[in-house]
Amino acid sequence: MRVFLAMLSHETNTFSNIPTDRRQFEARNLHYGGEMLEVFRNTGTCLGGMIDVAERSGVTLLSSVAAAASPAGRVTTEIYAHLKERILADLRAAAPLDGVLLDLHGAMVPEGLDDGEGDLLKAVREVVGPTVPISVPLDLHGNISADMVAHADFLVGYKTYPHVDMRERGAEAAQRLLEIAARKIKPTRALRKPPMLPPLGNQGTARGPMRRLYDLAGEMEKDPRVLSISIFAGFPHADIPDAGLGIVVVTDGDQALAEAKADELERAAWMHRKEFVHTGVPVKEAVAKALATNAGPIILADMADNTGGGAAGDGTEILRELLRVGAKAAVVASIWDPAAVQACVKAGVGNAVSLKVGGKVDDKHGEPVEVTGRVRTLSDGRFVHKGPMFRGLEGKLGTTAVLDINDVKVILISYRWQTLDPEMIRFVGIDPLAEKILVVKSTIHYRAAFEPIAREIIEVDAPGLSSSNLSRFGFKRIRRPIFPLDPVMED
Ligand SMILES: [Zn+2]
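Residues numbered from 1 in each chain as written. Predicted model: local features only at pLDDT ≥ 70, side-chain atom pairs only at ≥ 80, totals over all residues. Heavy atoms only, no water.

A. Main features of the packing of aromatic side chains. All told, the structure shown has 6 aromatic pairs when counted by the stated rule. Geometrically, the ring pair formed by Phe473 and Phe475 is tilted, given 6.2 Å between the ring centres and 45° between the ring planes. Considered together, Phe473 and Phe475 belong to a single accessibility category, that of buried residues. One aromatic cluster is present, formed by Phe15, Phe473 and Phe475 through successive ring pairs. Note that Arg273 overlies the ring of Trp270, its terminal NZ or CZ placed 4.0 Å from the centroid. (Phe/Tyr/Trp six-rings, centres within 6.5 Å; stacked < 30°, edge-to-face > 60°. Buried < 20%, exposed > 50% of the residue type's maximum accessible area, 1.4 Å probe, protein only. Lys NZ or Arg CZ within 6 Å of the ring centre and 35° of its normal.)

Structural data, given as structure tokens:
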């Protein structure tokens, strides 16, 4: 059996002023042909799961491109056209095919387009024709469109946030593709988009409304005619008509059943909508609370400055407050500031340096902080994720410096990456367990690896482009009315 394999993954925050261009992909993942198999084989990723199932089933994989960039602004026309054309050209060259596996995100917004994945899937369908099955795993944050559902035979979203089931979902998408190709199943799909734009803060699947919805979906999946149910919480920081919650039910040849289950889940999502509203602790109060605690580590989650949600990653408000109150044994992981890193490189390890840190990308993440500190360490920013997320995958932070400001240690990085793995602190020689306060720039993902080591977690409401306070954003193009932005929807 011959199966085509490609990955194109981006979560686009349309409020970000950082264009997602070729360099952003090169900084994270841009691999062609067989190289992508070498990079992702045996990793805790979708591709890892897909490659595993394919190779164990004796499938010939025709690998095209694996491209992913850290969430930021719209994907530039140049790089999107390049990746799309490369995938389509490789598809034509790979014929005849028994199936197509595409690892996509679901919230990619290229310049001049609202729905990147819908556009790509439509083009792929045109190349392979109506009979070659297409199977697609997507991120829980996908803003699912009718085009995506129309052009893919099988779709499945991550069922967890933190996303600890990426490998499992990749394997599921591959397994289902093989079953469709062997004519063992014939998927039919239903999509529901209730008028809901859940903020990120309460989208976690350990508890709350997403847990309720997935528990209900889990009951429904016990019916053997139901192949898969995905509740996409959606990505709210994309000002496009399809932003928000999406429900996809896939059944085996039973459209009426898919529609009925989707209706029931839509009603449940609406009933629990208010549980998605999230309120964080103000910065001063959060830092004071952490200082008042005797033992550590206390996690201060800088939820609104999560590069994984397209925020700048150079927010300064928590750092400013830590310095103001004279906090000790604190780590800020991390601040994206390549210029500050270079200043530290110039000063050299062990030497003092005065510089401005952070607050440089835009006016949404606080002003730069003027500091004098000592360069504690320098490194090339390479580490290996211990997981559970991305286990085994190499991480790249670019040249990385640790600046020690009276025992507030600031990890300065050159490539944007969310603080989702304690390895990002350990690899620069800091033991997170020996610190009192750990500031992590992450909304929910940090919980997978930091919750087990944290004495306490404080969810901080600092400024930033991944803030759960959606009334701070100037939406123009989302569907209206929509919960929770429009008061009419609160009854
Ligand atoms: Zn996600």
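B. Up close: the environment of Lys476. Tracing the sequence through the fold places Lys476 in the segment after strand 20 (456–461). For Lys476 and Pro241, which are 235 residues apart along the polypeptide, the C-alpha to C-alpha distance reads 9.5 Å. (Helix = DSSP H or I, 4+ residues; strand = E, 2+ residues; numbered from the N terminus.)

C. Region of interest: the nonpolar core. Counting 133 residues, the largest nonpolar core has Val100 and Leu102 as the members making the most contacts within it. The greatest single-element share of this core, amounting to 7 residues, is contributed by helix 4 (residues 77–94). In contact with Leu102, other than residues within four places in its own chain, are Phe4, Ala6, Met50, Leu121, Val124, Ile134, Ser135, Val136 and Pro137. By size, the runner-up hydrophobic cluster in this structure holds 34 residues, among which are Val281, Val287, Ile318 and Ala340. (Core = buried A, V, L, I, M, F, W, Y, C linked by side-chain atoms within 4.5 Å. Contact = heavy atoms within 4.5 Å.)

D. Inspection of the coordination of the zinc ion at higher detail. Within the protein, Asp139 (OD), Asp139 (OD), His141 (ND1) and His163 (NE2) serve as the donor atoms for the zinc ion, at 2.1 to 2.7 Å. Classification of the site at the zinc ion rests on its 4 donor atoms, whose angles at the metal span 52 to 144°, yielding the label irregular. Summarised as a motif, the one-chain spacing of the donors to the zinc ion is D-x1-H-x21-H. Linking Asp139 in the loop between strand 5 (134–138) and helix 6 (146–151) with His163 in the loop between strand 6 (154–157) and helix 7 (166–181), this pair joins segments that are 24 residues apart in sequence. With respect to burial, Asp139 and His163 carry one shared label: buried. (Donors = N, O, S within 2.8 Å, 3.2 Å for Na, K, Ca; no water. Tetrahedral: all angles 85-135°; square planar, octahedral: opposite > 155°, others 65-115°.)

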